Amino acid sequence: MATPAPPDSAHALPSMSEVQTGVPGLTLRCWRDGDQADLLAHANDRSVWRNLADIFPHPYRRTDADNWVAYAGSADHPHLLYAIALDDRVIGGAGVMAGEGNFRFTGQFGYWLGRAHWGKGFATTCAMALKSAAFLRTPFVRLEAPVFEWNPASMRVLEKAGFAAESVRPKSMFKDGEIIDTHLYVALRP
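What counts, and at which threshold
Residues numbered from 1 in each chain as written. Predicted model: local features only at pLDDT ≥ 70, side-chain atom pairs only at ≥ 80, totals over all residues. Heavy atoms only, no water. Axes fitted to C-alpha atoms, helices over the stretch in contact; angles between N-to-C directions. Helix = DSSP H or I, 4+ residues; strand = E, 2+ residues; numbered from the N terminus. Parallel < 35°, antiparallel > 145°, perpendicular 65-115°, else oblique. Left-handed = near helix turned anticlockwise from the far one by under 90°. Contact = heavy atoms within 4.5 Å. Buried < 20%, exposed > 50% of the residue type's maximum accessible area, 1.4 Å probe, protein only. Arc of directions from axis to C-beta. Salt bridge = Lys/Arg side-chain N within 4 Å of Asp/Glu carboxyl O. Core = buried A, V, L, I, M, F, W, Y, C linked by side-chain atoms within 4.5 Å.

**Q** Which parts of the structure should I look at to understand the packing of helix H1 (residues 36–43) against helix H3 (residues 62–72)?
**A** Axis angle and axis distance: for two packed helices, these are the angle between their axes and the distance between the axes, and together they describe the pair. Between H1 and H3, the least distance of the axes is 9 Å, while the angle of their chain directions is 125°. Here H1 lies oblique to H3, going by the angle between them. As H1 runs across H3, the sense of the crossing is right-handed. In this structure, H1 uses Gln 36, Ala 37, Leu 39 and Leu 40 to contact H3, whose residues at the interface are Arg 62, Ala 65, Asp 66, Trp 68 and Val 69.

Listed below in structure tokens is the structure:
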């Protein structure tokens, strides 16, 4: 297989305004003004924050929601950033953060859902849809998803979405007052 052509610039990922999941009413769509209230309602939850990198603040305030929607909804970044929407209401987020330089063909893959939507299969469905879209429509050849040791549910989501456990990084993360292991899951372009 030939290596895909690298992006001409850091902002060269194609526009994908919406990714269909195959589940009626469940989509990955661009963030837009008006999403702040739903975002705030789901994001300001310690249980959600505990499973995400500290770039995701807690408590989650209205200014955080305003800043995120403005950033993620703009074209001024090299990432794939989506709202997970159910009947057009935001219930979470998903995305692929583009690597830089020698890592430009690797994307950092992640997702989160509001707690009210856990255990319904939405995370797996969205992870599968995002992975497929990223490999079909972008130059990424590798997607990486780190998972905190206390989150086996997310490990199962990634396995169901076709990611493989690549490594355990002992004592590699400080989160919520603890030094913990992270499990690295990886998907490669077919």
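**Q** Explain unusual backbone geometry here, please?
**A** Of all residues except glycine, most have a negative phi; of all peptide bonds, most are trans. Omega for the peptide link from His 58 to Pro 59 comes to 0°, which places this bond in the cis form. Looking at the element boundaries, Pro 59 is found in the loop between helix H2 (46–49) and H3. For Asp 88, which is not a glycine, the phi torsion comes out positive at approximately 70°. Take Asp 88: it is sitting in the loop between strand S3 (80–86) and strand S4 (89–98). On the accessibility criterion, Asp 88 (43% relative accessible area) is partly exposed. Despite not being glycine, Lys 171 has its phi angle at roughly 50°, a positive value. The class of Lys 171 is exposed, set by a relative accessible area of 57%.

**Q** Please explain helix H5 (residues 152–160) as it appears in this structure.
**A** Along an α-helix, residues three or four apart share an orientation, since each turn contains 3.6 residues. The set of residues buried in H5 consists of Ser 154, Met 155, Val 157 and Leu 158. Buried residues of H5 fall within an arc of 160° about the axis and therefore sit on the same side. In this fold, the buried residues of H5 make contact with strand S5 (106–113), helix H4 (122–137), strand S6 (142–148) and strand S8 (178–188). In the segment just after H5, Gly 162 is the residue with positive phi, at about 95°.

**Q** In this structure, what is going on with the pattern of salt bridges? I would like to understand it.
**A** If the charged atoms of two oppositely charged side chains come close together, the side chains can form a pair. This structure, assessed with the given rule, holds 12 salt bridges. A salt bridge links Arg 29 to Asp 35; its shortest N-O distance comes to 2.8 Å. For the pair Arg 29 and Asp 35, one class covers both residues: buried. The salt bridge partner of Asp 54 is Lys 175, with a shortest N-O separation of 2.6 Å. Here Asp 54 is found in the loop between H2 and H3, whereas its partner Lys 175 is found in strand S7 (residues 164–175), with 121 residues between them in sequence. Where salt bridges share partners, they join Arg 29, Arg 32, Asp 35 and Asp 88 into one cluster.

**Q** Would you take a moment to explain the nonpolar core for this structure?
**A** Note on soluble globular proteins: their nonpolar side chains tend to be buried together. Leu 28, Ile 84, Val 96, Phe 109, Leu 143, Leu 158 and Phe 163 are the most contacted members of the largest nonpolar core, which totals 33 residues. Counting only elements with at least two residues in this core, the list comes to strand S2 (26–29), S3, S4, S5, H4, S6, H5 and S8. Looking at this core, the element that brings in the most residues is H4, giving 9 residues. Residues Ala 43, Val 48, Leu 52 and Val 90 belong to the second largest nonpolar core, which totals 15 residues.

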